[in-house]
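# Per-entry structural report
Listed here are the chains, written in short residue letters.
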Amino acid sequence: MFNNEDIIFEEDEIFAEDEYKLIFTTVKRGYEGEVLEAAKLAGHSGGVVMQAKSVDKVRKRFFGFSVDPESAVILMITKAEIVVPVIKSIYSVVDFKSEARGMLFVLPISLVCGMNESYEKIDIV
């Protein structure tokens, strides 16, 4: 069971279905490196960093959280078997209560094309 002060869930129930997962992380600009380094420590390498900017210059509320108008979004596709250690590592460094104002969620991925592991498994005609 993953247990942070605010988050509790059963790992087996959520992360067992698909081979790959998308970890979507948003942090205050300038903390992107901490996210990527934390993921690396947990066995993941790489990610896509995008600079996000709100149309308004005022903080907005998103699912009850106040989100900065300028933040970074980090997208990482990872194998399901290591997704829990990766999100634990990331959230321990950039949680929402920290200066980084981190927020993350995980989405299932049905099919991956273009990654080295995926070439052996599917035959695209």
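Source: prediction; values computed, not measured. (Residues numbered from 1 in each chain as written. Predicted model: local features only at pLDDT ≥ 70, side-chain atom pairs only at ≥ 80, totals over all residues. Heavy atoms only, no water.)

## Let's talk about helix H2 (residues 32-41)
For clarity, the threshold we go by: Throughout this description, buried means an accessible area under 20% of the type-specific maximum (1.4 Å probe, protein chains only), exposed means over 50%, and partly exposed covers the range between. Segments assigned H or I by DSSP are reported as helices when at least four residues long, segments assigned E as strands when at least two residues long, and all are numbered from the N terminus. This arc describes the spread of directions from the helix axis toward the C-beta atoms. Contact definition: two residues touch when any of their heavy atoms are within 4.5 Å.
Of all the residues in H2, the buried ones are Glu32, Val35, Ala38 and Ala39. Looking down the long axis of H2, one finds its buried residues gathered within 135° of arc, a one-sided arrangement. Of the exposed residues in H2, those oriented more than 90 degrees away from the buried face are Lys40 and Leu41. In this fold, the buried residues of H2 make contact with strand S3 (20-28), strand S4 (48-53), strand S7 (70-79) and helix H3 (83-93). After H2 finishes, the residue Gly43 shows a positive phi value of roughly 105°.

## Remarks on the pattern of salt bridges
To keep things clear, this is the line we draw: We count a salt bridge whenever a side-chain nitrogen from Lys or Arg sits within 4 Å of a carboxyl oxygen from Asp or Glu.
For the structure shown, the criterion picks out two salt bridges. Between Lys79 and Glu19 there is a salt bridge; the shortest N-O distance is 3.6 Å. Residue Lys79 is located in strand S7, and its partner Glu19 is located in the loop between helix H1 (11-15) and S3; the two are separated by 60 residues in the primary sequence. Between Glu99 and Lys28 there is a salt bridge; the shortest N-O distance is 2.8 Å. In this pair, Glu99 is assigned in the loop between H3 and strand S8 (103-109) and Lys28 in strand S3, connecting sequence segments 71 residues apart.

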